[in-house]
Amino acid sequence: MGGSPVVVPYAAYLRVYEPLAAFPEPERGHWYRYAAAGSCRTAQDELRQSLAGLVPVPPIAVPVHESADAFVAVVGGVTHVCPWRTRLRGWLALEQFGQQLPPSVLDAMLPPVVRRQAAADHDSWRERNPDARPWIRTATWHVPVRWFVLVADEEREYEPAGAGESKEPVMRYRTPMVQARRRVARGLRVLKDALDDGGPLVDGLVDVGRWLEEFHPRSLVELDYGGLVHVMGPDALAEDRSAADVAEGLAALRAGDSAAAGVAYERLTERWRAVRELQFSS
């Protein structure tokens, strides 16, 4: 098969793009020059870079040096950047894998000695950078329901393969930070009023809301389907209105119509259950 040898992981991304003014010097100067140079890196570029470390033996679980790359978005004449921070995200991903995978599977992927060294490096780095946070969150084989609370159906951008600047299909939402925070607050009020015990959806939304508070108020929030576009297919993508389903469900809960909320939620969960089940197909 021709083309790139890299297999596209089926992951979605939640990204924050901050305006240049949000960064202290000398980092601000770096990103200014980076954007001015017309550096246009794509998600595929980041993917190739992150997977390259898995080729050596033993594999490099986390990059030795932090990435100097970022995604760039110019909106309303204002340049925003979303640093990749692949080293920090690598450490966080290792922690997540350790909680989700059986030890035998984890040992096959990354030897214990590699994981122990990565954990020690992370602890040392965290002592020097206690306030660090990633600009990008990742979810594999689905888009978390809580992410859709941040965006609206009218912000949906879908470009089939070959329709835009990229040859790859694109499915994403972009919204101003102030809107995302407002929607989180409204969603939490509705869910807490409607649900007795809160549940994982409330906990997850609280976590996302706290993360958003770490960034400049004039940032942009982007929900990108990423590699999921390759498994969902054009028909499913064209019909996907997940943000509208979440908004409909929250509106029904606000109105006290739990039956209508259940219908919207079931429609949403069935759609994403079908996507997640594809990871087990041959």
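Residues numbered from 1 in each chain as written. Predicted model: local features only at pLDDT ≥ 70, side-chain atom pairs only at ≥ 80, totals over all residues. Heavy atoms only, no water.

You'll find the protein entered in an unreviewed UniProt entry as DUF8083 domain-containing protein, with Actinacidiphila epipremni given as the organism.

Draft legend 1. Main features of the overall build of the protein. Along the backbone of the protein there are 11 helices and 7 strands. Every one of the 282 residues in the protein was classed for burial, and the buried ones make up 40%. A sequence separation of at least 24 residues applies to 76% of the contacts in the protein between residues at least 6 apart. Approximately 15,400 Å² of the protein is accessible, and the part contributed by carbon and sulfur atoms is 54%. (Helix = DSSP H or I, 4+ residues; strand = E, 2+ residues; numbered from the N terminus. Buried < 20%, exposed > 50% of the residue type's maximum accessible area, 1.4 Å probe, protein only. Contact = heavy atoms within 4.5 Å. Areas by Shrake-Rupley, 256 points an atom, 1.4 Å probe, with all protein chains shown as cover.)

Draft legend 2. Broad picture of a positive patch on the surface. Side chains of Arg 182, Arg 186, Arg 189 and Arg 254 sit close together on the surface and give a patch of like positive charge. The element that contributes the greatest number of residues to the positive patch is helix 7 (residues 177-194), accounting for 3 residues. Following the sequence through the fold, Arg 186 ends up in helix 7. (Patch = residues over 30% accessible without salt bridge, like charges linked within 9 Å, V, L, I, M, F, W, Y side chains within 5 Å. Salt bridge = Lys/Arg side-chain N within 4 Å of Asp/Glu carboxyl O. Lys, Arg positive; Asp, Glu negative; His and termini not counted. Charge placed at Lys NZ, Arg CZ, Asp CG, Glu CD.)

Draft legend 3. Here's a closer look at the environment of Pro 160. With respect to the secondary-structure elements, Pro 160 resides in the loop between strand 5 (156-159) and strand 6 (170-176). The partly exposed category is assigned to Pro 160, whose relative accessible area is 37%. Between the alpha carbons of Pro 160 and Leu 237 there is a distance of 8.6 Å; along the sequence they are 77 residues apart.

Draft legend 4. Examining unusual backbone geometry more closely. Each neighbour pair has its own omega, and for Glu 25 with Pro 26 the value is 5°, a cis peptide bond. Counting through the fold element by element, Pro 26 comes out in the loop between strand 1 (11-19) and helix 1 (27-36). Positive phi, close to 65°, is recorded for Trp 141, a residue that is not glycine. Secondary-structure assignment places Trp 141 in the loop between strand 4 (136-140) and helix 6 (145-148).

Draft legend 5. Fine view of the packing of aromatic side chains. Tallied over the full model, the rule gives 11 aromatic pairs. The interplanar angle of 80° and the centroid separation of 6.3 Å between the aromatic rings of Phe 148 and Tyr 173 together place this pair among those described as edge-to-face. Within this pair, whereas Phe 148 is found in helix 6, its partner Tyr 173 is found in strand 6, the two being separated by 25 residues in sequence. Pair check on accessibility: Phe 148 and Tyr 173 agree, each one buried. Each residue in the set Phe 23, Trp 31, Tyr 34, Trp 135, Trp 211 and Phe 215 is aromatic and connected to the rest through ring pairs, giving one cluster. Here the guanidinium or amino end of Arg 15 rests over the ring plane of Phe 71, the centre of that ring lying 4.5 Å away. The cationic tip of Arg 174 hangs over the ring face of Tyr 17; the distance from NZ or CZ to the ring centre is 5.2 Å. (Phe/Tyr/Trp six-rings, centres within 6.5 Å; stacked < 30°, edge-to-face > 60°. Lys NZ or Arg CZ within 6 Å of the ring centre and 35° of its normal.)

Draft legend 6. Quick peek at the packing of helix 10 (residues 242-254) against helix 11 (residues 258-277). Orientation of helix 10 relative to helix 11, taken along the N-to-C sense of each, is 155°, at an axis distance of 7 Å. When the axis of helix 10 is compared with that of helix 11, the two are roughly antiparallel. In this structure, helix 10 meets helix 11 at a crossing whose hand is left-handed. When helix 10 is examined against helix 11, the residues Ser 242, Asp 245, Val 246, Glu 248, Gly 249, Ala 252 and Leu 253 are found in contact with a partner set consisting of Ala 260, Ala 261, Ala 264, Arg 267, Leu 268, Arg 271 and Trp 272. Split into classes, the residues belonging to the contact of helix 10 with helix 11 amount to 8 nonpolar, 2 polar and 4 charged. (Axes fitted to C-alpha atoms, helices over the stretch in contact; angles between N-to-C directions. Parallel < 35°, antiparallel > 145°, perpendicular 65-115°, else oblique. Left-handed = near helix turned anticlockwise from the far one by under 90°. Nonpolar A, V, L, I, M, F, W, Y, C, P; charged D, E, K, R; others polar.)

Draft legend 7. Up close: helix 9 (residues 229-239). Among the residues of helix 9, Val 229, Met 232, Gly 233 and Leu 237 are the ones counted as buried. At its buried positions, helix 9 is contacted by strand 5, strand 6 and helix 11.

Draft legend 8. Representation of the confidence of the model for the protein. Per-residue pLDDT for the protein averages 82, and the proportion of residues at 70 or more is 70%. Taken element by element, the protein is modelled with least confidence in helix 2 (residues 43-52), mean pLDDT 58, and with most confidence in strand 7 (residues 220-224), mean pLDDT 98. Long-range and interchain partners of residues 1-8, a stretch whose pLDDT sits below 50, account for 10 contacts in this model, where long-range means more than four residues apart. (pLDDT = per-residue confidence, 0-100.)

Draft legend 9. Spatial organisation of the side chain of Asp 240. On the secondary structure map, Asp 240 appears in the loop between helix 9 and helix 10. The buried charged residue Asp 240 lacks any salt bridge partner; its closest oppositely charged side chain belongs to Arg 271, at an N-O distance of 4.1 Å. Once you skip the residues sitting within four places of it in the chain, Asp 240 turns out to touch Arg 156, Met 171, Tyr 225, Met 232, Arg 271 and Trp 272.

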